[in-house]
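Chain and residue survey
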Amino acid sequence: MSVSGMKKQLHKASQLLNERLMGAEGTKMDEDFLKMEKSVAVIHSLLVELLSRTTEFLQPNPADRAKLSMLNTMSRIRGQGKSVGYPQTEGMLGDCMLHYGQELGAASEFGGALSGVGEALQQVAQARDTLDINVKHSFIDPLQDLHNTELKEIRYQLKKLNGRRLDFDYKRRRRGKVPAEEVRQAWDKFITSKELAERSMFILLQNDVDQLSRLAALVAALLDFHRNTHRILLGLHGNLQARLTAASNRPERRFRPKRIRIRSEHNGSIGFYHQPAVTSTVSSGEQFTALPSRPGSPISCYGVSRPADSKLVLDQPCCRALYSFHPNHEGELDFSEGDVIILTNQVDANWYEGTLGGRSGLFPVSYVDVLVPLPLP
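Residues numbered from 1 in each chain as written. Predicted model: local features only at pLDDT ≥ 70, side-chain atom pairs only at ≥ 80, totals over all residues. Heavy atoms only, no water.

Going by what an unreviewed UniProt entry lists, the protein is known as Endophilin-A3 and is assigned to Dicentrarchus labrax. The Sequence similarities (unreviewed entry) field of the UniProt record for the protein holds the comment "Belongs to the endophilin family." (UniProt positions renumbered as here; feature names shortened; annotations may be inferred.)

Here is the structure:
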(Lines give C-alpha, C1' and ligand atoms only; values in the text may rest on other atoms or scores of the structure.)
Protein backbone atom coordinates (compact mmCIF):
# COMPACT_ATOMS: atom_id res chain seq x y z
CA MET A 1 0.00 0.00 0.00
CA SER A 2 1.28 3.47 -0.93
CA VAL A 3 1.93 6.26 1.59
CA SER A 4 -1.12 8.21 0.40
CA GLY A 5 -3.24 5.11 0.73
CA MET A 6 -2.05 4.55 4.29
CA LYS A 7 -2.78 8.19 5.16
CA LYS A 8 -6.30 7.83 3.74
CA GLN A 9 -6.93 4.72 5.86
CA LEU A 10 -5.71 6.57 8.96
CA HIS A 11 -8.03 9.48 8.17
CA LYS A 12 -10.99 7.12 7.85
CA ALA A 13 -10.15 5.40 11.13
CA SER A 14 -9.81 8.78 12.84
CA GLN A 15 -13.21 9.90 11.57
CA LEU A 16 -14.84 6.61 12.65
CA LEU A 17 -13.42 6.91 16.17
CA ASN A 18 -14.60 10.51 16.42
CA GLU A 19 -18.11 9.47 15.42
CA ARG A 20 -18.32 6.58 17.86
CA LEU A 21 -16.41 7.96 20.82
CA MET A 22 -16.54 11.72 20.56
CA GLY A 23 -20.04 12.05 19.10
CA ALA A 24 -18.91 13.63 15.85
CA GLU A 25 -21.71 13.80 13.28
CA GLY A 26 -21.15 12.30 9.83
CA THR A 27 -23.00 12.84 6.59
CA LYS A 28 -26.50 11.33 6.80
CA MET A 29 -28.06 9.32 3.98
CA ASP A 30 -31.61 10.09 2.88
CA GLU A 31 -34.49 8.00 4.21
CA ASP A 32 -35.12 6.10 0.96
CA PHE A 33 -31.48 5.06 0.78
CA LEU A 34 -31.53 3.80 4.39
CA LYS A 35 -34.70 1.78 3.74
CA MET A 36 -33.15 0.12 0.70
CA GLU A 37 -29.95 -0.59 2.63
CA LYS A 38 -31.94 -2.22 5.42
CA SER A 39 -33.91 -4.34 2.91
CA VAL A 40 -30.69 -5.49 1.24
CA ALA A 41 -29.28 -6.49 4.64
CA VAL A 42 -32.45 -8.54 5.30
CA ILE A 43 -32.15 -10.25 1.90
CA HIS A 44 -28.52 -11.10 2.60
CA SER A 45 -29.40 -12.72 5.95
CA LEU A 46 -32.36 -14.45 4.31
CA LEU A 47 -30.26 -16.01 1.56
CA VAL A 48 -27.59 -17.26 3.95
CA GLU A 49 -30.12 -19.00 6.19
CA LEU A 50 -32.51 -20.08 3.42
CA LEU A 51 -29.78 -21.87 1.47
CA SER A 52 -28.64 -23.66 4.60
CA ARG A 53 -32.16 -24.63 5.70
CA THR A 54 -33.14 -25.87 2.23
CA THR A 55 -30.08 -28.12 2.10
CA GLU A 56 -30.92 -29.47 5.58
CA PHE A 57 -34.51 -30.10 4.46
CA LEU A 58 -33.39 -32.11 1.44
CA GLN A 59 -30.51 -33.87 3.23
CA PRO A 60 -31.28 -33.91 6.98
CA ASN A 61 -28.38 -36.08 8.18
CA PRO A 62 -25.32 -33.83 8.77
CA ALA A 63 -22.89 -36.77 8.78
CA ASP A 64 -24.16 -37.99 5.41
CA ARG A 65 -24.03 -34.43 4.05
CA ALA A 66 -20.41 -34.05 5.11
CA LYS A 67 -19.46 -37.45 3.67
CA LEU A 68 -21.28 -36.71 0.42
CA SER A 69 -19.55 -33.35 0.09
CA MET A 70 -16.15 -34.94 0.67
CA LEU A 71 -16.76 -37.74 -1.86
CA ASN A 72 -17.99 -35.32 -4.52
CA THR A 73 -14.97 -33.08 -3.91
CA MET A 74 -12.65 -36.05 -4.33
CA SER A 75 -14.48 -37.02 -7.54
CA ARG A 76 -13.95 -33.53 -8.98
CA ILE A 77 -10.26 -33.61 -8.01
CA ARG A 78 -9.84 -36.97 -9.76
CA GLY A 79 -11.72 -35.73 -12.80
CA GLN A 80 -14.65 -38.11 -12.36
CA GLY A 81 -17.86 -36.63 -13.71
CA LYS A 82 -20.28 -38.85 -11.79
CA SER A 83 -21.25 -37.57 -8.34
CA VAL A 84 -22.38 -39.65 -5.38
CA GLY A 85 -26.04 -39.33 -4.37
CA TYR A 86 -27.38 -38.72 -0.87
CA PRO A 87 -28.45 -42.01 0.84
CA GLN A 88 -32.22 -41.55 1.13
CA THR A 89 -33.79 -43.16 4.21
CA GLU A 90 -36.67 -44.59 2.16
CA GLY A 91 -34.17 -46.33 -0.10
CA MET A 92 -32.26 -47.85 2.82
CA LEU A 93 -35.47 -49.17 4.40
CA GLY A 94 -36.61 -50.47 1.00
CA ASP A 95 -33.29 -52.31 0.46
CA CYS A 96 -33.68 -54.02 3.84
CA MET A 97 -37.25 -55.15 3.13
CA LEU A 98 -36.42 -56.28 -0.41
CA HIS A 99 -33.45 -58.34 0.80
CA TYR A 100 -35.42 -60.26 3.42
CA GLY A 101 -38.44 -60.57 1.17
CA GLN A 102 -36.23 -62.36 -1.38
CA GLU A 103 -34.76 -64.50 1.41
CA LEU A 104 -38.24 -65.66 2.45
CA GLY A 105 -39.12 -66.40 -1.19
CA ALA A 106 -42.22 -66.00 -3.35
CA ALA A 107 -44.00 -68.89 -1.59
CA SER A 108 -44.25 -66.76 1.55
CA GLU A 109 -47.06 -64.22 1.51
CA PHE A 110 -45.16 -62.10 4.02
CA GLY A 111 -42.00 -62.35 1.92
CA GLY A 112 -43.86 -61.29 -1.21
CA ALA A 113 -45.42 -58.36 0.64
CA LEU A 114 -42.01 -57.31 1.99
CA SER A 115 -40.58 -57.32 -1.53
CA GLY A 116 -43.49 -55.23 -2.79
CA VAL A 117 -43.10 -52.64 -0.02
CA GLY A 118 -39.32 -52.58 -0.56
CA GLU A 119 -39.69 -51.90 -4.28
CA ALA A 120 -42.22 -49.13 -3.58
CA LEU A 121 -39.91 -47.48 -1.05
CA GLN A 122 -37.06 -47.61 -3.55
CA GLN A 123 -39.31 -45.77 -6.01
CA VAL A 124 -40.03 -43.16 -3.31
CA ALA A 125 -36.27 -42.77 -2.79
CA GLN A 126 -35.82 -42.23 -6.53
CA ALA A 127 -38.58 -39.59 -6.43
CA ARG A 128 -36.75 -37.86 -3.58
CA ASP A 129 -33.52 -37.92 -5.59
CA THR A 130 -35.41 -36.22 -8.40
CA LEU A 131 -36.71 -33.66 -5.89
CA ASP A 132 -33.13 -32.94 -4.76
CA ILE A 133 -32.00 -32.36 -8.35
CA ASN A 134 -34.99 -30.18 -9.25
CA VAL A 135 -34.73 -28.00 -6.14
CA LYS A 136 -31.00 -27.57 -6.61
CA HIS A 137 -31.33 -26.49 -10.25
CA SER A 138 -34.44 -24.32 -9.92
CA PHE A 139 -34.06 -22.87 -6.41
CA ILE A 140 -30.72 -23.34 -4.67
CA ASP A 141 -28.40 -22.59 -7.61
CA PRO A 142 -30.19 -19.35 -8.67
CA LEU A 143 -30.24 -18.07 -5.08
CA GLN A 144 -26.60 -18.99 -4.61
CA ASP A 145 -25.76 -17.15 -7.82
CA LEU A 146 -27.72 -14.11 -6.59
CA HIS A 147 -25.81 -14.20 -3.31
CA ASN A 148 -22.42 -14.54 -5.02
CA THR A 149 -22.91 -11.90 -7.73
CA GLU A 150 -25.47 -9.11 -7.31
CA LEU A 151 -25.61 -9.12 -3.54
CA LYS A 152 -21.86 -9.42 -3.22
CA GLU A 153 -21.40 -6.47 -5.59
CA ILE A 154 -23.93 -4.35 -3.64
CA ARG A 155 -22.22 -5.12 -0.33
CA TYR A 156 -18.88 -4.15 -1.89
CA GLN A 157 -20.33 -0.86 -3.16
CA LEU A 158 -21.86 -0.08 0.25
CA LYS A 159 -18.54 -0.76 1.95
CA LYS A 160 -16.76 1.45 -0.56
CA LEU A 161 -19.42 4.14 -0.08
CA ASN A 162 -18.94 4.11 3.68
CA GLY A 163 -15.18 4.49 3.25
CA ARG A 164 -15.60 7.44 0.92
CA ARG A 165 -18.09 9.01 3.31
CA LEU A 166 -15.59 8.75 6.16
CA ASP A 167 -12.88 10.25 3.95
CA PHE A 168 -15.16 13.16 2.94
CA ASP A 169 -16.34 13.82 6.51
CA TYR A 170 -12.78 13.79 7.80
CA LYS A 171 -11.65 16.32 5.19
CA ARG A 172 -14.81 18.40 5.69
CA ARG A 173 -14.23 18.45 9.46
CA ARG A 174 -10.66 19.64 8.87
CA ARG A 175 -11.68 22.28 6.37
CA GLY A 176 -8.98 24.95 6.20
CA LYS A 177 -6.23 22.43 6.96
CA VAL A 178 -7.16 20.36 3.93
CA PRO A 179 -7.17 21.99 0.48
CA ALA A 180 -10.66 22.76 -0.87
CA GLU A 181 -9.89 20.78 -4.05
CA GLU A 182 -9.37 17.59 -2.01
CA VAL A 183 -12.64 18.19 -0.20
CA ARG A 184 -14.44 18.64 -3.54
CA GLN A 185 -12.85 15.47 -4.98
CA ALA A 186 -13.82 13.50 -1.87
CA TRP A 187 -17.40 14.79 -2.26
CA ASP A 188 -17.57 13.80 -5.94
CA LYS A 189 -16.31 10.27 -5.19
CA PHE A 190 -18.80 9.95 -2.33
CA ILE A 191 -21.76 11.00 -4.51
CA THR A 192 -20.66 8.68 -7.36
CA SER A 193 -20.47 5.71 -5.01
CA LYS A 194 -23.85 6.59 -3.52
CA GLU A 195 -25.50 6.67 -6.94
CA LEU A 196 -23.95 3.32 -7.94
CA ALA A 197 -24.98 1.61 -4.69
CA GLU A 198 -28.45 3.14 -4.82
CA ARG A 199 -29.05 2.03 -8.40
CA SER A 200 -27.86 -1.53 -7.67
CA MET A 201 -30.09 -1.84 -4.59
CA PHE A 202 -33.07 -0.43 -6.49
CA ILE A 203 -32.66 -3.01 -9.29
CA LEU A 204 -32.34 -5.85 -6.79
CA LEU A 205 -35.39 -4.82 -4.76
CA GLN A 206 -37.55 -4.19 -7.83
CA ASN A 207 -36.77 -7.59 -9.36
CA ASP A 208 -39.46 -9.48 -7.44
CA VAL A 209 -40.55 -11.52 -10.46
CA ASP A 210 -37.35 -13.59 -10.49
CA GLN A 211 -37.53 -14.25 -6.74
CA LEU A 212 -41.19 -15.26 -6.96
CA SER A 213 -40.50 -17.59 -9.89
CA ARG A 214 -37.78 -19.34 -7.89
CA LEU A 215 -40.11 -19.77 -4.93
CA ALA A 216 -42.83 -21.11 -7.25
CA ALA A 217 -40.30 -23.59 -8.72
CA LEU A 218 -39.55 -24.89 -5.20
CA VAL A 219 -43.24 -25.44 -4.47
CA ALA A 220 -43.76 -27.10 -7.88
CA ALA A 221 -40.90 -29.52 -7.21
CA LEU A 222 -42.36 -30.40 -3.79
CA LEU A 223 -45.80 -30.87 -5.33
CA ASP A 224 -44.42 -33.24 -7.99
CA PHE A 225 -42.60 -35.25 -5.33
CA HIS A 226 -45.64 -35.64 -3.08
CA ARG A 227 -47.88 -36.41 -6.06
CA ASN A 228 -45.51 -39.19 -7.22
CA THR A 229 -45.14 -40.49 -3.66
CA HIS A 230 -48.93 -40.54 -3.23
CA ARG A 231 -49.33 -42.51 -6.47
CA ILE A 232 -46.66 -45.06 -5.45
CA LEU A 233 -48.00 -45.57 -1.93
CA LEU A 234 -51.62 -45.72 -3.13
CA GLY A 235 -50.76 -48.58 -5.48
CA LEU A 236 -48.80 -50.30 -2.72
CA HIS A 237 -51.71 -49.97 -0.30
CA GLY A 238 -54.10 -51.56 -2.79
CA ASN A 239 -51.69 -54.44 -3.38
CA LEU A 240 -51.32 -55.06 0.36
CA GLN A 241 -55.09 -54.98 0.85
CA ALA A 242 -55.50 -57.60 -1.88
CA ARG A 243 -52.82 -59.79 -0.27
CA LEU A 244 -54.47 -59.37 3.13
CA THR A 245 -57.88 -60.35 1.75
CA ALA A 246 -56.45 -63.41 -0.02
CA ALA A 247 -54.56 -64.50 3.10
CA SER A 248 -57.66 -64.04 5.29
CA ASN A 249 -59.87 -66.12 2.96
CA ARG A 250 -57.33 -68.90 2.48
CA PRO A 251 -58.20 -72.14 4.33
CA GLU A 252 -55.97 -73.03 7.24
CA ARG A 253 -53.20 -75.39 6.20
CA ARG A 254 -52.77 -78.52 8.28
CA PHE A 255 -49.36 -79.98 9.01
CA ARG A 256 -48.66 -83.34 7.37
CA PRO A 257 -45.25 -84.98 7.76
CA LYS A 258 -43.50 -85.99 4.55
CA ARG A 259 -41.62 -89.21 3.85
CA ILE A 260 -37.89 -89.50 4.56
CA ARG A 261 -35.60 -90.88 1.88
CA ILE A 262 -33.09 -93.44 3.16
CA ARG A 263 -30.77 -96.08 1.69
CA SER A 264 -32.11 -99.61 1.42
CA GLU A 265 -30.84 -101.93 4.13
CA HIS A 266 -30.88 -104.90 1.73
CA ASN A 267 -29.13 -103.80 -1.45
CA GLY A 268 -27.87 -100.28 -0.68
CA SER A 269 -29.87 -98.75 -3.53
CA ILE A 270 -31.04 -95.15 -3.48
CA GLY A 271 -34.71 -94.26 -3.85
CA PHE A 272 -36.19 -96.60 -1.25
CA TYR A 273 -38.71 -94.68 0.82
CA HIS A 274 -39.41 -95.89 4.33
CA GLN A 275 -41.95 -94.70 6.84
CA PRO A 276 -42.91 -96.60 9.99
CA ALA A 277 -46.52 -97.53 10.42
CA VAL A 278 -48.27 -94.66 12.13
CA THR A 279 -51.77 -94.74 13.47
CA SER A 280 -53.60 -91.46 13.15
CA THR A 281 -57.06 -90.23 13.90
CA VAL A 282 -59.11 -88.27 11.37
CA SER A 283 -61.71 -85.68 12.24
CA SER A 284 -64.55 -88.21 12.28
CA GLY A 285 -62.77 -90.33 14.90
CA GLU A 286 -61.94 -93.12 12.44
CA GLN A 287 -58.36 -94.42 12.61
CA PHE A 288 -56.18 -95.41 9.68
CA THR A 289 -52.66 -96.80 9.31
CA ALA A 290 -50.00 -95.44 6.95
CA LEU A 291 -47.96 -98.48 5.87
CA PRO A 292 -44.33 -98.34 4.80
CA SER A 293 -43.94 -97.87 1.09
CA ARG A 294 -42.16 -100.38 -1.12
CA PRO A 295 -39.74 -99.82 -3.98
CA GLY A 296 -41.70 -99.05 -7.10
CA SER A 297 -44.85 -98.00 -5.28
CA PRO A 298 -46.36 -94.56 -5.99
CA ILE A 299 -44.84 -91.73 -3.92
CA SER A 300 -47.21 -89.85 -1.65
CA CYS A 301 -46.47 -86.24 -0.79
CA TYR A 302 -47.85 -86.43 2.74
CA GLY A 303 -47.19 -89.98 3.88
CA VAL A 304 -50.57 -91.47 2.84
CA SER A 305 -51.00 -92.88 -0.66
CA ARG A 306 -54.12 -91.78 -2.51
CA PRO A 307 -55.89 -94.12 -4.91
CA ALA A 308 -55.91 -91.54 -7.67
CA ASP A 309 -52.14 -91.24 -7.49
CA SER A 310 -51.55 -94.80 -8.61
CA LYS A 311 -52.72 -93.87 -12.11
CA LEU A 312 -50.88 -90.54 -12.26
CA VAL A 313 -47.80 -90.46 -14.50
CA LEU A 314 -45.59 -87.53 -13.52
CA ASP A 315 -44.05 -87.04 -16.96
CA GLN A 316 -45.01 -83.38 -17.36
CA PRO A 317 -45.03 -80.26 -15.16
CA CYS A 318 -47.79 -80.52 -12.60
CA CYS A 319 -48.78 -79.67 -9.05
CA ARG A 320 -51.19 -80.79 -6.35
CA ALA A 321 -53.74 -78.43 -4.79
CA LEU A 322 -53.11 -77.82 -1.09
CA TYR A 323 -56.39 -75.96 -0.73
CA SER A 324 -59.58 -75.50 -2.70
CA PHE A 325 -59.65 -72.42 -4.91
CA HIS A 326 -62.91 -70.88 -6.08
CA PRO A 327 -62.13 -67.87 -8.28
CA ASN A 328 -63.87 -64.53 -8.21
CA HIS A 329 -62.59 -63.34 -11.59
CA GLU A 330 -62.91 -64.61 -15.13
CA GLY A 331 -59.86 -66.47 -16.41
CA GLU A 332 -59.04 -68.17 -13.08
CA LEU A 333 -59.09 -71.96 -12.61
CA ASP A 334 -61.48 -73.59 -10.13
CA PHE A 335 -60.17 -76.67 -8.26
CA SER A 336 -60.52 -78.62 -5.01
CA GLU A 337 -57.95 -79.72 -2.46
CA GLY A 338 -55.97 -82.71 -3.71
CA ASP A 339 -56.57 -82.10 -7.45
CA VAL A 340 -53.52 -82.57 -9.68
CA ILE A 341 -53.19 -79.67 -12.12
CA ILE A 342 -51.06 -79.66 -15.27
CA LEU A 343 -48.75 -76.62 -15.28
CA THR A 344 -48.47 -74.73 -18.55
CA ASN A 345 -46.86 -71.43 -17.53
CA GLN A 346 -45.78 -69.27 -14.58
CA VAL A 347 -47.19 -65.78 -15.12
CA ASP A 348 -45.22 -64.12 -12.29
CA ALA A 349 -44.02 -64.82 -8.76
CA ASN A 350 -47.61 -65.13 -7.47
CA TRP A 351 -49.60 -66.87 -10.28
CA TYR A 352 -49.43 -70.10 -12.29
CA GLU A 353 -51.37 -71.02 -15.41
CA GLY A 354 -52.57 -74.59 -15.79
CA THR A 355 -55.25 -77.07 -16.96
CA LEU A 356 -57.56 -79.46 -15.13
CA GLY A 357 -60.22 -81.64 -16.71
CA GLY A 358 -60.21 -79.74 -19.98
CA ARG A 359 -60.42 -76.38 -18.23
CA SER A 360 -57.55 -73.89 -18.09
CA GLY A 361 -56.90 -70.70 -16.15
CA LEU A 362 -54.81 -68.88 -13.57
CA PHE A 363 -54.39 -69.82 -9.92
CA PRO A 364 -52.24 -68.67 -6.95
CA VAL A 365 -48.78 -70.17 -6.45
CA SER A 366 -49.35 -70.44 -2.69
CA TYR A 367 -52.38 -72.77 -3.16
CA VAL A 368 -50.44 -75.66 -4.71
CA ASP A 369 -47.46 -77.93 -4.12
CA VAL A 370 -45.36 -78.45 -7.28
CA LEU A 371 -44.74 -82.12 -8.08
CA VAL A 372 -42.89 -81.67 -11.38
CA PRO A 373 -41.58 -78.13 -11.93
CA LEU A 374 -41.81 -76.20 -15.17
CA PRO A 375 -38.64 -76.29 -17.28
CA LEU A 376 -36.33 -73.37 -16.85
CA PRO A 377 -36.73 -70.69 -19.58
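What follows concerns the overall build of the protein. When you go through the protein residue by residue, the secondary structure sums to 8 helices and 9 strands. Considering only contacts in the protein between residues 6 or more positions apart, those separated by 24 or more positions represent 59%. Approximately 24800 Å² of the protein is accessible, and the part contributed by carbon and sulfur atoms is 56%. (Helix = DSSP H or I, 4+ residues; strand = E, 2+ residues; numbered from the N terminus. Contact = heavy atoms within 4.5 Å. Areas by Shrake-Rupley, 256 points an atom, 1.4 Å probe, with all protein chains shown as cover.)

Spanning 42 residues, helix 8 (residues 208–249) covers 61 Å between terminal C-alpha atoms, matching the ideal 62 Å at 1.5 Å per step. Of the surrounding elements, those touching the buried residues of helix 8 are helix 5 (109–148). (Expected span 1.5 Å × (residues − 1).)

Glancing now at the pairing of strand 8 (residues 359–364). Where strand 7 (residues 351–356) meets strand 8, 6 bridges bridge the pair, whose relative direction is antiparallel. By the bridge assignment, leucine 356 is partnered in strand 8 with arginine 359. Between the end of strand 7 and the start of strand 8, which pair antiparallel, lie 2 residues, with glycine 357 showing a positive phi angle near 60 degrees. (Pairing = 2+ DSSP bridges.)

This part takes up the nonpolar core. Counting residues in each nonpolar core, the largest one holds 26 residues, and the members touching the most others are Phe33, Val135, Leu158, Leu161 and Met201. Sorting the residues of this core by element identifies helix 2 (31–58), helix 5, helix 6 (150–173), helix 7 (180–206) and helix 8 as the ones contributing at least two each. It is helix 5 that contributes the most residues to this core, 7 residues altogether. With residues near it in sequence (within four places) discarded, phenylalanine 33 still touches Leu158, Leu161, Lys194, Ala197, Glu198 and Met201. Membership of the second largest hydrophobic core comes to 15 residues, among which are Cys319, Ala321, Phe335 and Val365. (Core = buried A, V, L, I, M, F, W, Y, C linked by side-chain atoms within 4.5 Å. Buried < 20%, exposed > 50% of the residue type's maximum accessible area, 1.4 Å probe, protein only.)

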